Each structure stands twice: as C-alpha cells, then as structure tokens.
Amino acid sequence: MRYLVLGPVATMRDGWMRSIPSEKVRTLLAALLLHPNEQMSVTQLTDRVWNGDAPASPRRALQTNVVRLRRELPWNDSVVTTPAGYLMRVEPDDLDLTVFRRLLDEAAATTDLEREAELLRRALQLWRGPACADVPSGVIQEYDVLALTERRLRAVERRLEVDLLVDHFDGLVAELRALTAEFPLRERFWALLMAALHRQGRQAEALETYHTVSHRLADGLGIDPGVDLRKIHQEILTGRGQHELLSPRTTVTVHGPPTVPSSLPTDDPQFAGRDRELAAIDEFVRDVDSGAPAAPRTVVIDGPAGMGKSALALRWSTLNAHRFPDGHLYVDLAGFGPTAPLEPVDALGLLLQSLGTPVEQIPDSPLARAAMFRLRTSGLRLLVVLDNAASSDQVRALLPGASCLTIVTSRNQLRGLATRHAVRRVTVPRLSPGDACALIGAVVGSRIDPGSQEVRRLVELCDRTPLALRIVAEKVARLPHVSLPHLLRDLIEDEERLETPADSDVNLVNFRTVLSWSTRSLDAQSLILLRRLATDAGEEFSLTAAAELAAVPPTVVRSPLDRLVAINLLGQEGQYRYRLSPLVRAVAVGLTTSSASLSVPVTRLVGTAMALKAV
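Since the structure is predicted, the reported quantities are computational estimates derived from the model, not experimental observations.

Caption draft 1: The arrangement of the pairing of strand 10 (residues 405-410) in detail. Most of strand 10 sits out of view: six of its six residues are buried. Judged by which residues are buried, strand 10 turns out to be covered on both faces: Leu 405, Ile 407 and Thr 409 on one side and Thr 406, Val 408 and Ser 410 on the other are all buried. Bridge analysis of strand 7 (residues 297-302) against strand 10 gives six bridges, and the strand direction is parallel. Across the sheet, Arg 297 pairs through a bridge with Leu 405, a residue of strand 10. By the bridge criterion, four bridges tie strand 9 (residues 383-387) to strand 10 in an arrangement that is parallel. The residue of strand 10 that forms the bridge with Val 385 is Ile 407.

This is the structure we're talking about:
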C-alpha cells in the first residue's frame, strides 16, 4: 500500500510511513486520493486546497503545489495532468480507501455471516483515526470526508449486527456503550445495545437503555425513537423476542430483500432516437456495474424547451434501474412551468420521505435536511433524478451521498453547479430527420408514411423538436377520416399548429407558452436582444451581425448572447456563430405584441433600449 487517507494522510514506502510536512501539499494529496483515478478540475482542487478562498491566480498557485507534491512522491507517474486539471493514478491495492471499499463490497456480496464479519473487521482495521485527520480544509471535510465517515459507521453497525447474529458477545456490550456515548443520536447503536443486553439475559438494563435514548432524542431533537427501536422495546417488554436481533442464532430467519424505494415515472413507450445521448450517459457511469470504487457523479441533461430532456433521463433510468439496487428517486423541481419552482427545503422533504424517513423525524432547517439526506444516501448505490431544475442553487442542496448517481434535467446549462462538483454534461439537440419522422409515425400509427414528403416538411417546420412534433401528431391522430395529404397541408399552413387541443387531458399548455417560460429569468438587455434577433436576424448569424442589430459593439452584445445560450434560447454553433430556432423566434416575436407577456416592466425595457442606443 502506497497511500493512506483513513487517518492522518501519509505515504508508505518500504514499510515506513511518512507524512507530508506542507499543509497545502498534504491537502492537495488528500483531495486527489479521495477521488482516485478521477479527473479533478482546477476549480474543484483550488476549492479544497484553499478552503473556498482561492488565491488571485488559482491555476498558477495550484501548478506550484502540484510540482511540490510530485517532488514529495517517489512514484513519478502518480499525478497526471489532464485537459481540465489533474488526477491521481492509483492501483487497486495502492490506497487504503480503495481496499476499504473493496472489502465492504465483498462483505455485502457474501451470504456467509462468519465470512462477512471477517471481511468487515479487515475493512475497519484499516482506519487509524478520522479520515484525513490532519487536513484542515472544511470543503474536503464536508464534501468528501463526511460521506466516507458515514460509510465507516454503517460498516461498524453491520459488523456489530453480524456479531450479534452469530452469538459473538465478547466485549460487545462495552463497545456499544462506548459508541452510544460517542454517537448519542444514532439509533442503530442503541437498538444493538438493547438487543445485546436482552440476549445476555439483562432485560432490565435493556429497558432502561430504551428510556435513556428516548430522553436523549426528545431533549436533543424533539422526536420520539424510530420504529425499529420502539419495536425492539415492545418485544422485550412483552417477552416475545421475535425481532431477528433478539433471536438466538438457531432461530434466525432469512428475510427477503428490503423494499427498494422507486418513484420514477413511467417511461414513454413512444420514445424515439437519442442513441448517441444514451450512449454518452452510459460512458459516464460505465464503472457502476464493474464494482469499481464509487465516486461523486452528476449528469446534467440540458437543452431547449420541448426537446425531450425528461424523456431521455427517464428512458436511461428505466433501462439501467438494475444497476442501482438501493433505489431510484425522482423529484420534479418545477423550474420552468406555470407554478413557482420547488424550494430546495421542500424537495429534500420529498426525497427523505421517499427513503422511508418518517415526517416527524425530518428537521425543519434546510441545512439539517441536506445533511440528513447526504448521510442517509451515503454508501448506497442509488439513482436520483432531479427533473426540470431552474438553477444551480436549487440543485446543489439536493445532491446525495458520494456513491450515488444524480441526473439533473434543465433548460439552464447550470454552469454554477459545475464549478464545485464533478458534472458531466449531455446537451440534447434536435432529433435527426429520421428520428423525428419516426416519432410522428409512432404517435399516429400505420396510416401515415413517415418517409413521405409532407411529413418531412412538417418535421422541419416543427424544428425536429419532440414536444412540437407530438402536438402536431396528436392532431393528425384524432382526425382519422380526413384525407392525410389535405390534413398535412392544412397543418403546414396553420399558424396555430403548435396549440394543444382545447379538451386535452394532459398537463400541457400551448407550445408557445412552454417556450415563453424560458424567458422569465431574462434581464431586460437579453430580452430586447432576443426580440431584435427574432425580428431581423436569420436562422444562423454571427456575433458581428448580432452587434449590428443591437447597435452596440461586439464586446457589449457578447454577454446577453451568452445568457441566451445559457438557458438554451439560442444555440451556439461555434465560437462566434449562433442559431435561433424558428420556434423560439415565434415566441420572441409574439412577446413584442403583448406587454403583458414581458418578464420585466415596459418602462425598464424602454430605459434599457435608450441606454443601448446611446452606447
């Protein structure tokens, strides 16, 4: 073993342990080792090394410390420079953390309790104290060490539970008393202590233990003991002892697997295309099935309104649900819609309830809820889908423990999220012509030829956008007695072809309204620019052309253009080339005819327009 982080950070060579004298270099080494073989960006590393207070030239300062770290290590190829930052190349047996994770995986896989206990002991013996005990970085302690510590405690709980199940009582009560003193609000330790006392014929002490924990939970958190504690107490009190922790080994029964939480909506049976995007998500999480050490993963699926981001997330999640044996959670964050976005504190409440947390045990504080959610999900192979996010701030508090995969969908590119988290991005483009025609065929059925000239033209008028295609296809499908060529011609000429039927029973409004939700967060300068582009620019245009339309220098127009790109109202085709969808154009032109549709006061728009002209 070369590297140690389960305690003070150190390196091993020829059987000798050596610490890193420099605090900054030691912190950098810890940051890399806590994410072995994973690329860490410059921002992620500077956040951790300088505890969120980056120096004036973070890249240069980081490079200096990387050079110093390489000098400290006798293995020249360990720290690898990548396009975005650095990674630590670590073989499976080089790092105590990877060995710890492997042993826990082996313990979870075995059905032999004696073997499981042995593996858990070997894993826990690797710990020499708190992880990264000599690393003062608060960012590392909060984002990396907290989840790792929770996994250690879960392993301790399971090892004690197995000892109880196989009748290994030597020192068990003393160890549990020490743990309940150190972690007085961790109910599982109290449950195990009560069971151990009962199994040794010490019923009075077991009942007294229940009263002790009841008072501590009431005084500390204002809550009652959980279901398991209450059940164990009741069975000890009545003398039944049917709980498996209270039963002798000879009567231990094997229960079926616990109920796996799953709140994913039903997958769309008419899903079409997206093979490239599905493969891209597969590539990002390909190590999930391999048993490789889990690392924080967040996939952001972004794209314009109606492009099928949610459908893509649900299709991938449904196809890969088996890769997440601990459950699949889903929350619609309502970031773009007729109602206000869901507050993070409320979303955390829904997520914790999905995990089986009783409502009365969920704290009121947003920070406490976020901490509880990370702790409850740490060490689990869990999939969390956060759909329709409005902003990075809405998502950041909802990220689960480091072993989980999070998929976020948003019209916003969520650039702020990527500055502090390992985010992989999948941008959803228009459907290919073939897939767009296939989607209409799937909705309408066999009476339509997806390859016909009329369908191909209609597909392009809908800009190959899934929601627009579905609205049009629904109109075709509900008029089966009308001549198809005649109906298609009418739809092509109909200015209102993207309106949903008045009696629609789905939760949709017309497509223009769906798109207009994207304009809510626009500042006046960006909104004015969008309206001018919609009126006078072509489908594709350059930075220079946009500056001429706005009557401002290119350096001034670049920022509002970037804001429009960030929420996917504009596509960026190159460094200085942009594309305006005809559907977005229709919305932006419509906004010019109704002051009630504007997301800012008219007086402010006029003032901003005059200011732009004066530049």
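Caption draft 2: Representation of the nonpolar core within the structure. Counting residues in hydrophobic clusters, the biggest one holds 76 residues, and the most contacted among them are Leu 32, Met 88 and Phe 100. Residue contacts for Leu 32: discarding those within four places in its chain leaves Met 40, Leu 45, Leu 69, Val 79, Tyr 86, Leu 87 and Met 88.

Caption draft 3: View of the environment of Gly 52. Inspection of the secondary structure assignment puts Gly 52 in the loop between helix 2 (42-49) and helix 3 (58-72). Spatially, the C-alpha atom of Gly 52 lies 7.0 Å from that of Val 139, the residues being 87 residues apart in sequence. For Gly 52, the residues in contact, after removing those within four places along its chain, are Thr 46, Asp 47 and Val 139.

Caption draft 4: Fine view of the packing of aromatic side chains. All chains considered together, the criterion is met by five aromatic pairs. Ring geometry for Phe 100 versus Trp 127: centroids 5.6 Å apart, planes at 80°, classification edge-to-face. Highlighted residues: Phe 100 in helix 4 (residues 96-109) and Trp 127 in the loop between helix 5 (113-124) and helix 6 (138-165), separated in sequence by 27 residues. Trp 127 shares its class with Phe 100; the two are buried. Taking the centre distance of 6.0 Å and the plane angle of 45° together, the rings of Phe 183 and Phe 189 count as tilted. Residue Phe 183 is classed as partly exposed on the basis of its relative accessible area, which comes to 24%.

Caption draft 5: Just the packing of helix 8 (residues 187-199) against helix 9 (residues 203-220), in detail. Their axes nearest at 7 Å, the elements helix 8 and helix 9 cross at an angle of 165°. In terms of orientation, helix 8 lies roughly antiparallel with respect to helix 9. Classified by chirality, the crossing of helix 9 by helix 8 is left-handed. Of helix 9, the residues touching helix 8 (which contributes Glu 187, Trp 190, Leu 193, Met 194, Leu 197 and His 198) are Gln 203, Glu 205, Ala 206, Thr 209, Tyr 210, Thr 212, Val 213, Arg 216 and Leu 217. A per-class count over the contact of helix 8 with helix 9 returns eight nonpolar, four polar and three charged.

The rules behind these values
Residues numbered from 1 in each chain as written. Predicted model: local features only at pLDDT ≥ 70, side-chain atom pairs only at ≥ 80, totals over all residues. Heavy atoms only, no water. Buried < 20%, exposed > 50% of the residue type's maximum accessible area, 1.4 Å probe, protein only. Helix = DSSP H or I, 4+ residues; strand = E, 2+ residues; numbered from the N terminus. Pairing = 2+ DSSP bridges. Core = buried A, V, L, I, M, F, W, Y, C linked by side-chain atoms within 4.5 Å. Contact = heavy atoms within 4.5 Å. Phe/Tyr/Trp six-rings, centres within 6.5 Å; stacked < 30°, edge-to-face > 60°. Axes fitted to C-alpha atoms, helices over the stretch in contact; angles between N-to-C directions. Parallel < 35°, antiparallel > 145°, perpendicular 65-115°, else oblique. Left-handed = near helix turned anticlockwise from the far one by under 90°. Nonpolar A, V, L, I, M, F, W, Y, C, P; charged D, E, K, R; others polar.

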